[in-house]
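What follows is the residue order along each chain.
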Amino acid sequence: MSTISLSQYLAREEVQHGLDPQLSRLLTGVSEACKNIAWLVHSGALAGVLGLAGSENVQGEDQKKLDIISNDIFVDAVAQTGTVCGMVSEEIPEVIRIADNLPIGPYLICFDPLDGSSNIDINVSIGSIFSVLPAKEAKRDVTDDDFMQTGEHQVAAGYCMYGPQTQLVITLGRGVAMFTLDPKTGTFVLTNEDVKVAREAKEFAINCSNMRHWEAPVKRYVAELLEGKTGVRGKDFNMRWVAAMVAEVHRILQRGGIFMYPRDNRDLSKPGKLRLLYEANPMSFLMENAGAAATNGHQRILTVQPEKIHQRVAVFLGAAEEVETVTSYHAE
């Protein structure tokens, strides 16, 4: 059986769909960063990367050593491609500019270099998430305003999951493709070229320990799921929770379901937990390109206008039928 590598896939996209070679080079740079992070994740204690770093990120969350290391790997790999003029990372408070001694390009990139940090030390799946936007102009003095684009403007997005296999999942706005890292050759190989999510689902993911803080529409929706066959939904649902958005989304892309991280009443100033630019937008772009849906309970996430680079948002994504149902409860 013939195999197609990531580089061959991108070259084919350039020929068949006019993919910008600079975007192709950027995605290749991202894939190289993911390979390096994957090696560290799989080495764990042997590489001395476990444990806390003794610092906090912009969200006030404790940083793990691997958070900081992964961020440095991502920033360096992307900057070296010469295809971007600015970056936003979960681990850095301000926009990251490109060093004067490096070339710049027509793109902006937002990323969470290591999603699911609480899982690092217990050897549970984690990942990296990224979103690519067009720059209004290629310049060195990028500001927050340059990133204030809705998710509909994304030209590429994806994630890499570091689990039993290392898998890279990307969309260029024309479907979703999945690649698996061949440990023998160090090459990402295309293993699913047309990922689709069914409209119906029998599986959901949410952190039920927060139930007492949820808004009424979410309580109603989850209560109906838990009632199973005896309730209004008339079927039983399974519940999952990995505490890493990458793993939750990957499961949905593989076998369907819905993932929810709603806003709650603990801090009314925060419209949600997950970040719009580098978590919700790229994952929503993937979902819609796989035939699924993603909303904040009121509107498509891809239409939410960002107002700051680390903005939070509520997230309901996955099987279209389920997302439509929980969104309609918010409307009521």
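We now turn to the structure provided with this report. (Residues numbered from 1 in each chain as written. Predicted model: local features only at pLDDT ≥ 70, side-chain atom pairs only at ≥ 80, totals over all residues. Heavy atoms only, no water.)

**Topic: helix H5 (residues 245-255)**
(1) Moving on: Among the 11 residues in H5, nine count as buried, and that is most of the element.
(2) Moving on: Within H5 the residues assigned to the buried category are Met245, Val246, Ala247, Glu248, Val249, His250, Arg251, Ile252 and Leu253.
(3) Moving on: Two residues or fewer after H5 comes Gly256, characterised by a positive phi angle close to 90°. (Buried < 20%, exposed > 50% of the residue type's maximum accessible area, 1.4 Å probe, protein only. Helix = DSSP H or I, 4+ residues; strand = E, 2+ residues; numbered from the N terminus.)

**Here we look at the packing of aromatic side chains**
(1) Moving on: Inspection of the entire model under this criterion finds five aromatic pairs.
(2) Moving on: Consider the rings of Tyr9 and Phe179, whose centres lie 5.2 Å apart with planes at 75°: the pair is edge-to-face. On the criterion of sequence distance, the pair formed by Tyr9 in helix H1 (residues 6-17) and Phe179 in strand S9 (residues 176-182) is long-range, its members being 170 residues apart. Each of the two residues, Tyr9 as well as Phe179, counts as buried.
(3) Moving on: The rings of Trp241, Phe259 and Tyr261 are connected pair by pair, giving a single aromatic cluster.
(4) Moving on: Note that Arg220 overlies the ring of Tyr329, its terminal NZ or CZ placed 3.6 Å from the centroid. (Phe/Tyr/Trp six-rings, centres within 6.5 Å; stacked < 30°, edge-to-face > 60°. Lys NZ or Arg CZ within 6 Å of the ring centre and 35° of its normal.)

**A closer look at the nonpolar core**
(1) Moving on: Counting residues in each nonpolar core, the largest one holds 46 residues, and the members touching the most others are Leu26, Phe74, Met87, Ile109, Phe130, Tyr162 and Phe179.
(2) Moving on: It is helix H2 (residues 21-43) that provides the largest number of residues to this core, a total of 10 residues.
(3) Moving on: Once residues lying within four places of it in the same chain are set aside, the contact partners of Tyr162 are Cys34, Ile37, Ala38, Val41, His42, Leu114, Ser125, Ile126, Gly127 and Ser128.
(4) Moving on: Counting 32 residues, the second-largest nonpolar core is a separate cluster that includes Val195, Ala244, Ala292 and Val313. (Core = buried A, V, L, I, M, F, W, Y, C linked by side-chain atoms within 4.5 Å. Contact = heavy atoms within 4.5 Å.)

**Describing the sheet that holds strand S11 (residues 203-205)**
Within a sheet, adjacent strands bond to each other through the backbone by hydrogen bonds, running parallel or antiparallel.
(1) Moving on: In space, the five strands of this open sheet follow the order S12-S11-S13-S17-S15, with mixed pairing throughout. Taken across any chain shown, the strands that pair with only one partner, and hence form the sheet edges, are strand S12 (238-240) and strand S15 (293-295). With strand direction ignored, the average angle separating the axes of adjacent strands in the sheet is 15°.
(2) Moving on: Bridge analysis of S11 against S12 gives three bridges, and the strand direction is parallel. Looking at S12, one finds that Phe204 is bridged to Met239.
(3) Moving on: Across the sheet, helix H6 (residues 276-289) is in contact with S15 and strand S17 (315-318); its angle to S17 comes to roughly 30°. (Pairing = 2+ DSSP bridges. Axes fitted to C-alpha atoms, helices over the stretch in contact; angles between N-to-C directions.)

**Section: the state of the cysteines**
(1) Moving on: Under the counting rule described, the total for this entry stands at zero disulfides.
(2) Moving on: As a non-bridged cysteine, Cys34 has Cys160 as the owner of its nearest cysteine sulfur, 4.1 Å distant.
(3) Moving on: Here Cys85 is not disulfide-linked; the sulfur of Cys110 is the nearest cysteine sulfur, at 11 Å. (Disulfide = S-S within 2.5 Å.)

**Regarding the packing of H1 against H2**
(1) Moving on: In contact at an axis separation of 10 Å, H1 and H2 are set at 165° when each is read in the N-to-C sense. Of the possible angle classes, the one that applies to H1 and H2 is roughly antiparallel. Judged by the twist between their axes, the crossing of H1 over H2 is right-handed. On H2, the residues touching Leu6, Leu10 and Glu14 of H1 are Pro21, Ser24, Leu27, Thr28 and Ser31.
(2) Moving on: Of the residues belonging to the contact of H1 with H2, the class tally is four nonpolar, three polar and one charged. (Parallel < 35°, antiparallel > 145°, perpendicular 65-115°, else oblique. Left-handed = near helix turned anticlockwise from the far one by under 90°. Nonpolar A, V, L, I, M, F, W, Y, C, P; charged D, E, K, R; others polar.)

**Looking at the side chain of Thr81**
(1) Moving on: As for its position among the elements, Thr81 is in the loop between helix H3 (65-79) and strand S3 (84-89).
(2) Moving on: The buried category is assigned to Thr81, whose relative accessible area is 11%.
(3) Moving on: At 2.7 Å, the side chain of Thr81 and the side chain of Thr83 are in polar contact.
(4) Moving on: Every residue in contact with Thr81, bar those within four places of it in the chain, is listed here: Arg25, Leu26 and Gly29. (Polar contact = N/O pair within 3.5 Å; in protein donor to acceptor, adjacent residues only side chain to side chain.)

**Considering the packing of H2 against H3**
(1) Moving on: Between H2 and H3, the least distance of the axes is 8 Å, while the angle of their chain directions is 155°. Classed by the angle they form, the pair H2 and H3 counts as roughly antiparallel. In the crossing of H2 with H3, the sense of the turn from one axis to the other is right-handed. In this structure, H2 contributes Leu26, Gly29, Val30, Ala33, Cys34, Asn36, Ile37, Leu40 and Val41 to the contact, and H3 contributes Leu66, Ile69, Ser70, Ile73, Phe74, Ala77 and Val78.
(2) Moving on: By residue class, the composition of the contact of H2 with H3 is 13 nonpolar, three polar and no charged.

**Let's talk about the pairing of S17**
(1) Moving on: Where burial is concerned, the two faces of S17 agree: the one with Val315 and Leu317 and the one with Phe316 and Gly318 are both buried.
(2) Moving on: Of the pairings in the sheet, the one linking S15 to S17 comprises three bridges and is antiparallel in character. By the bridge assignment, Ala294 is partnered in S17 with Leu317.

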